[in-house]
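# Topology and contacts: notes
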Amino acid sequence: MLTLTNVQILYDRAIEAVRDVSLQVGAGQIVALLGSNGAGKTTILKAISNVLYPEDGEVLHGEISLEGADLKRLPADEIVRRGIVHVPEGRRLFPLMTVEENLAMGGFLRDRGELSAGLDRVYGLFPRLKERRRYVAGYLSGGEQQMVAIGRALVAGPKLLMLDEPSLGLAPQIIDLIMETVVALNREQGMAILLVEQNAALALEVAHYGYIVENGRVVLDGPAERIARNEDVKEFYLGCSEGGERKNYREVKHYKRRKRWLS
Amino acid sequence: MELFLNFLASGLVIGSIYGLIAIGFAVIFKTTGVLNFAQGEVMMLVAYVSWSLATELDLPLVLLIPLVVVAAAAIGALLERIFIRPMLGEPVFAIIMVTIGLAVTLRSVIVLIWGADAAAFDVPLKGGLIEIGPVVLFTEQLFAIVLFLVVALAIFLFFRFTRIGTAMRATAQDETTALLMGVDVKRISMLAWAIAAVVSGLAGIAFAMMISRAPDMWFLGLRAFPATILGGLDAPLGSGLGGLLIGVIGDLSEGYIGQGLKEISGFVVIIVILMVRPYGLFGQRELERV
Ligand SMILES: Nc1ncnc2c1ncn2[C@@H]1O[C@H](COP(=O)(O)OP(=O)(O)OP(=O)(O)O)[C@@H](O)[C@H]1O
Ligand SMILES: [Mg+2]
C-alpha cells in the first residue's frame with residue numbers, strides 16, 4: 001500500500017539525512033525499519049507524514065505514494081485522513097493536557113461517534129489508561145506515556161500505523177505489552193504497521209519484512225526471518241556471533257571492516 | 001470606604017478594558033509564540049470600523065455586537081493571512097518586527113481614512129447612572145465590566161471544552177505532534193488572530209463608548225501589555241485577571257497617593273511580581289518531564 005522510491009531528503013538544503021531509500025509496506029504487513037543512531041529512520045517517517053517543513057527538511061527526489069496516489073504534496077492533515085498515523089519518537093504527548101484530552105486529540109478529524117468509540121477501544125486495550133484518564137500526561141511513567149501515544153494514534157483510525165522506536169527506554173514487561181498489542185492489531189484488524197526500531201531482535205520477531213538503513217541508504221532488505229539469519233545483521237544488530245553468544249563492544253568494532261554490504 | 005469602593009469600581013472598569021486586550025495578547029502568544037505589538041492598533045481598527053457601522057446603520061447594541069464580532073474576526077484573520085502567514089518559519093524576532101511595522105501602518109491608515117479628530121461613539125446604551133450600593137457607575141462603565149466577565153467565561157469554555165480550543169492548546173504545547181494529529185496548524189494561527197481581534201476589539205468599543213473613538217486609542221495596548229506579562233503571557237485568563245489588577249492598582253494608587261502614579265504603579269507591581277514569579281502569576285512553567 002505504501003511505496004517509497006529513491007527518496008532523498010535534505011535538512012536546511014544542505015544536510016543529506018536520507019540519500020536513497022526505497023521501501024514498501026504491503027497491506028496487512030508488519031515491516032521493520034532498522035538502523036543505528038542517525039541512520040535516517042525518523043526522517044523517513046516524518047517525510048511520509050509530511051512534517052519535515054517545520055525543521056526545514058525537504059524531500060528533494062523520489063516518490064512517496066499510498067495505493068498509487070502521490071503523498072508528497074499533501075498536507076499533514078490530509079495524510080492522517082488517508083489513514084497513515086504516526087506515533088513519534090519519544091512519545092511526544094501534550095504534556096499539560098490530561099490523558100483523555102491527549103487521546104481525544106487523536107480523534108481530531110473524526111466525528112463524535114467515532115471519537116467516543118475510539119476512546120472506548122483504547123481503554124479496553126490499555127485498562128491502566130482508563131484509571132488514569134484525568135491525570136496530566138506529563139507526569140505519567142514512560143510506559144504509560146507510550147500507551148497514550150499509541151492509543152492516541154489508534155483513535156485516529158489508522159490503516160497504516162507508523163511507530164518510531166516504541167520500545168525506547170521501557171521495561172521488558174511494558175515492551176512485551178506494546179509488542180503484543182502491535183501484533184494483535186495487525187492480526188485481528190489487518191492493520192499495516194511500519195515499525196522503526198533500534199532493537200532489531202525485537203522488531204524482527206514480530207515483523208514480516210525488514211529493511212536495514214545505514215547512513216541514509218537501504219543496505220539490506222528481505223523477509224524478517226532471512227534478515228535475522230544474516231551473518232552481518234547477527235553481528236552488528238543482534239549483537240551475537242554464529243555461536244549465539246553476545247559480542248562485547250570492542251569485538252564489534254574490530255569486525256566493522258567486514259560488513260559485506262558496504263564493500 | 002465609599003471612596004475606596006468607587007476607586008475600586010473605576011479601577012475595575014478600566015481594568016476590564018486592559019484585561020480584554022491582554023487576553024488578546026495571550027491568545028496569540030500562547031498559540032503561536034508571537035508577541036503581537038499591534039494588538040492595540042487592531043483594537044483601534046475594530047473600534048473605528050464598529051463606529052462606522054454604528055453611525056451608518058444605526059443599529060441597536062444587540063445587533064451591533066454580533067456584526068462587530070464577525071467584522072473583527074475577519075479583520076484579525078485577514079491581517080494574519082497577509083502579514084504573518086508569509087513569515088511562517090522565519091525567526092520569531094522577525095515576526096515581532098513585522099507586528100511593530102503593522103502597528104505603525106495601522107495607525108496611519110486609520111488617520112488617513114477617518115481623520116485625526118475624535119468622535120463620540122453614540123450607541124444607544126440607555127440607563128445613565130446606575131447605583132450599586134455606594135458605587136455609582138455609568139451604564140457604559142458597567143457594560144465594560146459585564147463584557148469582560150462574559151468574554152472571559154467564553155474564552156475559558158472555548159479552550160477547555162471545544163475540539164478546536166483543545167487543538168489550539170495542543171498546538172501551543174507541541175506543534176509538530178499537533179500536525180501528526182491532523183490539526184491544520186496554519187489555520188490555528190489565523191484563528192488565534194481572529195479571536196484576539198474580536199476580544200480586544202470589543203474592549204475598543206467599550207472604551208470608545210465611555211470616552212470617544214480617537215486616533216490615540218492604540219495607547220491602551222501599551223497599558224494592557226504589562227497586564228499580560230503580569231498574568232502570564234501564555235495564560236489568557238490569567239492575563240485578563242492581570243488587567244483587572246493593573247486597573248485597580250492604578251486607580252487606587254492615583255486616588256490615595258497622587259496624580260501620575262496611575263501610569264507607573266502597574267509597572268512597579270510587575271517588577272516586584274516578576275522577581276518572585278518570572279512566568280507571571282498564572283503562566284505555566286514548562287514541565288520538566290516529557
Ligand atoms: N532537524 C534536523 N536538522 C538537521 N539535521 C537533522 C535534523 N534531524 C535529523 N538530522 C540529521 O539527519 C540524520 C538522520 O536523523 P534521524 O533522526 O532521521 O535518524 P534516526 O535513524 O531516527 O536516528 P535515531 O535512531 O537516533 O533516532 C542525522 O544525521 C541527523 O543528525
Ligand atoms: Mg529516530
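That block above? That's the structure.
Please read all numbers here as calculations on a predicted model, not as lab measurements.

## As for the packing of helix α5 (residues 139–161) of chain B against helix α6 (residues 163–173) of chain B
Residues and elements named next belong to chain B.
- It is the contact of α5 with α6, at a shortest axis distance of 5 Å, that shows an interaxial angle of 80°. Between α5 and α6, the crossing angle belongs to the class labelled roughly perpendicular. Between α5, through Phe158, Phe159, Arg160 and Phe161, and α6, the contact on the second element is made entirely by Arg163, Ile164, Gly165, Thr166, Met168 and Arg169.
- Per-class residue counts for the contact of α5 with α6 are five nonpolar, two polar and three charged.

## Notes on the coordination of the magnesium ion (ligand 2)
- Looking at the magnesium ion (ligand 2), the protein donor atoms are A:Thr42 (OG1) and A:Glu89 (OE), and they sit 1.8 to 2.3 Å from it. With A:Thr42 in helix α1 (residues 41–49) and A:Glu89 in the loop between β6 (84–87) and α3 (99–106), this residue pair connects regions lying 47 residues apart in the sequence.

## Some words on the interface of chain B and chain A
- Every contact between the two is made by 23 residues of chain B and, on the other side, 33 residues of chain A.
- Buried surface at the junction of chain B and chain A, both sides included, amounts to about 2700 Å², of which 66% is carbon and sulfur.
- Across the chain B-chain A interface, the total number found is three salt bridges.
- B:Arg169 is paired through a salt bridge with A:Glu101; the nearest N and O atoms lie 2.7 Å apart.
- Among the secondary structure elements, those contributing two or more residues to the side of chain B that touches chain A are α6 and α7 (175–180) of chain B.
- In terms of residue count, α6(B) provides more of the side of chain B that touches chain A than any other element does, seven residues in total.
- Within the side of chain B that touches chain A, the residues separate by chemical class into eleven nonpolar, six polar and six charged.

Conventions adopted
- Residues numbered from 1 in each chain as written.
- Chains lettered and ligands numbered in written order.
- Predicted model: local features only at pLDDT ≥ 70, side-chain atom pairs only at ≥ 80, totals over all residues.
- Heavy atoms only, no water.
- Axes fitted to C-alpha atoms, helices over the stretch in contact; angles between N-to-C directions.
- Helix = DSSP H or I, 4+ residues; strand = E, 2+ residues; numbered from the N terminus.
- Parallel < 35°, antiparallel > 145°, perpendicular 65-115°, else oblique.
- Contact = heavy atoms within 4.5 Å.
- Nonpolar A, V, L, I, M, F, W, Y, C, P; charged D, E, K, R; others polar.
- Donors = N, O, S within 2.8 Å, 3.2 Å for Na, K, Ca; no water.
- Buried area = accessible area lost by both parts, 1.4 Å probe.
- Salt bridge = Lys/Arg side-chain N within 4 Å of Asp/Glu carboxyl O.

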